[in-house]
Amino acid sequence: MRKNIAVGNWKMNLSFDDAKALVSELVKVDVPDNTDVILGVPYPYLAQMNEMVSGASKVSIAAQNCHEKEKGAYTGEVSTGMLSSIGINTVILGHSERREYQKESAELLAEKVNTALAAGFRVIFCCGESLTTRESGQHFDYVADQIKDSLFDLDASAWKQIVLAYEPIWAIGTGVTASPEQAQEMHAHIRKQLAEKYNQDLANDTSILYGGSVKPANAEQLFSKEDIDGGLVGGASLKAADFSQIIKSF
Ligand code: PGA
């Protein structure tokens, strides 16, 4: 049975003090049953935030990236081994911002996914189309290809460690949310790809999150859709009151 998941993606926001204040509020939230809360925290805060959530069984911490190599002469980079050594075992990969600004390709992402899985990580893998792609009617194929190109070499057993996040680029940070119907339509399409490539059980067991301007006002409607298993939340995850309300929207 798949889980409901609320991921907060802080991106490059919050001072250390603000981060501590936010997490001290979030660990008090009464998280619904069958629900995980995951906070995507900047590298320098990971160890401290991980310690802060240690008493909250449904709250865990994720890195927002990792390097594709295990170690070596890669100045400024962070490996999965380093993350595991401070107790971090979840990573967000394939976010559209990294695809765009860091030029992360499907091949590189496949490599990162393999490295993370080999290190025992859970991977939150993002996909999603631009407005131009949607307007050209290519969005279903585009998103299916993103998943196929980076993830379809994986064995079925590896999918226990994968969470997908559909994040239409036109909805990220814009205040424009995909309608629950638009999101549901894409989530069902993604699940169908998994069923066709692997099997229906694997498709049913994979959590697929929606991301892009999720707010307290729209979370419940989105999460109530059959194939939407939660949210990857940027802006609204920076405010304790807003993110708490989103967590309670399942
Ligand atoms: P947003 O970001 O909620 O601020 O739109 C979502 C994301 O990029 O993960």
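The shown structure was predicted, so the numbers you read here are calculated from the model rather than taken from an experiment.

*Asks:* Is there a simple way to explain the site of the ligand in this structure?
*Replies:* The environment of the ligand is made up of 13 residues, and the closest members are K11, H95, E167, G173 and S213. The separation between an oxygen atom of the ligand and a polar main-chain atom of G173 is 2.6 Å. Contact with the protein chains hides 94% of the accessible area of the ligand, taken as 280 Å² for the molecule alone. For the shell around the ligand, a count of residues per class yields four nonpolar, seven polar and two charged.

*Asks:* Any chance you could explain the environment of H67 here in plain terms?
*Replies:* Take H67: it is sitting in the loop between β3 (59–63) and α3 (80–85). Judged by relative accessible area, H67 falls into the buried class, the value being 9%. Apart from residues lying up to four places away in sequence, H67 is in contact with Y74, E77, V78 and T115. Within the structure, H67 has its side chain in polar contact with the backbone nitrogen of K69 (distance 3.0 Å).

*Asks:* Please clarify how the packing of aromatic side chains should be interpreted in this entry.
*Replies:* Geometrically, a pair of aromatic rings is defined through the distance of the ring centres and the angle of the planes. In total, this model carries six aromatic pairs according to the counting rule given. The interplanar angle of 35 degrees and the centroid separation of 5.4 Å between the aromatic rings of F16 and Y45 together place this pair among those described as tilted. Highlighted residues: F16 in helix α1 (residues 16–26) and Y45 in the loop between β2 (35–41) and α2 (46–52), separated in sequence by 29 residues. Grouped by ring-pair contacts, the aromatic residues F152, W159 and Y198 constitute a single cluster. Just above the ring of Y198 sits the side chain of K197; from NZ or CZ to the centre is 5.8 Å.

*Asks:* Honestly, the side chain of H139 in this entry has me stumped. Any pointers?
*Replies:* Within the element layout of this structure, H139 appears in helix α7 (residues 139–151). If we skip the residues at most four places from it in the chain, H139 touches E129, T133, R134 and M186.

*Asks:* What am I meant to see in helix α5 (residues 106–118) here?
*Replies:* Between its first and last C-alpha, α5 extends 18 Å over 13 residues, near the 18 Å set by a 1.5 Å rise per residue. Here α5 has its buried residues at A106, L109, A110, K112, V113, T115, A116 and L117. Summarising the contacts, the buried residues of α5 are in contact with α3, β4 (90–93), α4 (96–101), β5 (122–127), α7 and β6 (162–166). Where α5 ends, the next residue or the one after it, G120, has phi of about 85 degrees, a positive value.

*Asks:* Teacher, can you tell me more about the pattern of salt bridges here?
*Replies:* Any two side chains of opposite charge can pair, so long as their charged atoms come close to each other. Following the criterion strictly, the structure yields 16 salt bridges and no others. D33 is the partner of K58 in a salt bridge, and the nearest nitrogen-oxygen pair spans 3.8 Å. Taken together, the residues span a long stretch of sequence, with K58 in the loop between α2 and β3 and D33 in the loop between α1 and β2 at a distance of 25 residues. Residue D33 is classed as exposed on the basis of its relative accessible area of 66%. R191 is the partner of D229 in a salt bridge, and the nearest nitrogen-oxygen pair spans 2.9 Å. Note that D229 is positioned in the loop between α10 (216–223) and β8 (230–233) and R191 in helix α8 (residues 180–197), a separation of 38 residues in sequence. Residues joined by salt bridges that share partners form a network here, namely R2, R191, D227 and D229.

*Asks:* For this particular structure, what's the right way to read the nonpolar core?
*Replies:* Soluble, globular proteins show a tendency: their nonpolar side chains are buried together. Counting residues in hydrophobic clusters, the biggest one holds 67 residues, and the most contacted among them are L39, W159 and L164. For W159, the contacting residues outside a window of four places in its chain are I147, L151, F152, L154, L164, L194, Y198, L202 and T206. Core analysis: the second largest hydrophobic core is formed by eleven residues, I5, I38, I92 and L232 among them.

*Asks:* Please clarify how the packing of α7 against α8 should be interpreted in this entry.
*Replies:* A packed helix pair is summarised by two numbers, namely the angle formed by the two axes and the spacing between the axes. The interhelical angle for the contact between α7 and α8, taken along N-to-C directions, is 45 degrees, at an axis separation of 10 Å. As summarised for this structure, α7 and α8 are arranged oblique, according to the angle between their axes. At the point where α7 passes α8, the crossing takes the right-handed sense. Touching H139, F140, D141, V143, A144 and I147 of α7 are E185, M186, H189, I190 and Q193, all from α8.

*Asks:* Please explain the pairing of β8 as it appears in this structure.
*Replies:* Put simply, side chains in a regular strand alternate between the two faces of the sheet. Residue alternation in β8 divides its side chains into two sets, G230 and L232 and G231 and V233, and both sets are buried. Inspection of the sheet shows strand β7 (residues 208–211) paired to β8 by two bridges, in the parallel sense. The partner of G211 across the bridge, within β8, is L232. You can see the chain leave β7, run along α10 and come back into β8, and the turn it takes is right-handed.

Conventions used here
- Residues numbered from 1 in each chain as written.
- Predicted model: local features only at pLDDT ≥ 70, side-chain atom pairs only at ≥ 80, totals over all residues.
- Heavy atoms only, no water.
- Near = heavy atom within 4 Å.
- Polar contact = N/O pair within 3.5 Å; in protein donor to acceptor, adjacent residues only side chain to side chain.
- Areas by Shrake-Rupley, 256 points an atom, 1.4 Å probe, with all protein chains shown as cover.
- Nonpolar A, V, L, I, M, F, W, Y, C, P; charged D, E, K, R; others polar.
- Helix = DSSP H or I, 4+ residues; strand = E, 2+ residues; numbered from the N terminus.
- Buried < 20%, exposed > 50% of the residue type's maximum accessible area, 1.4 Å probe, protein only.
- Contact = heavy atoms within 4.5 Å.
- Phe/Tyr/Trp six-rings, centres within 6.5 Å; stacked < 30°, edge-to-face > 60°.
- Lys NZ or Arg CZ within 6 Å of the ring centre and 35° of its normal.
- Expected span 1.5 Å × (residues − 1).
- Salt bridge = Lys/Arg side-chain N within 4 Å of Asp/Glu carboxyl O.
- Core = buried A, V, L, I, M, F, W, Y, C linked by side-chain atoms within 4.5 Å.
- Axes fitted to C-alpha atoms, helices over the stretch in contact; angles between N-to-C directions.
- Parallel < 35°, antiparallel > 145°, perpendicular 65-115°, else oblique.
- Left-handed = near helix turned anticlockwise from the far one by under 90°.
- Pairing = 2+ DSSP bridges.
- Right-handed = clockwise from strand over helix to strand, strands pointing away.

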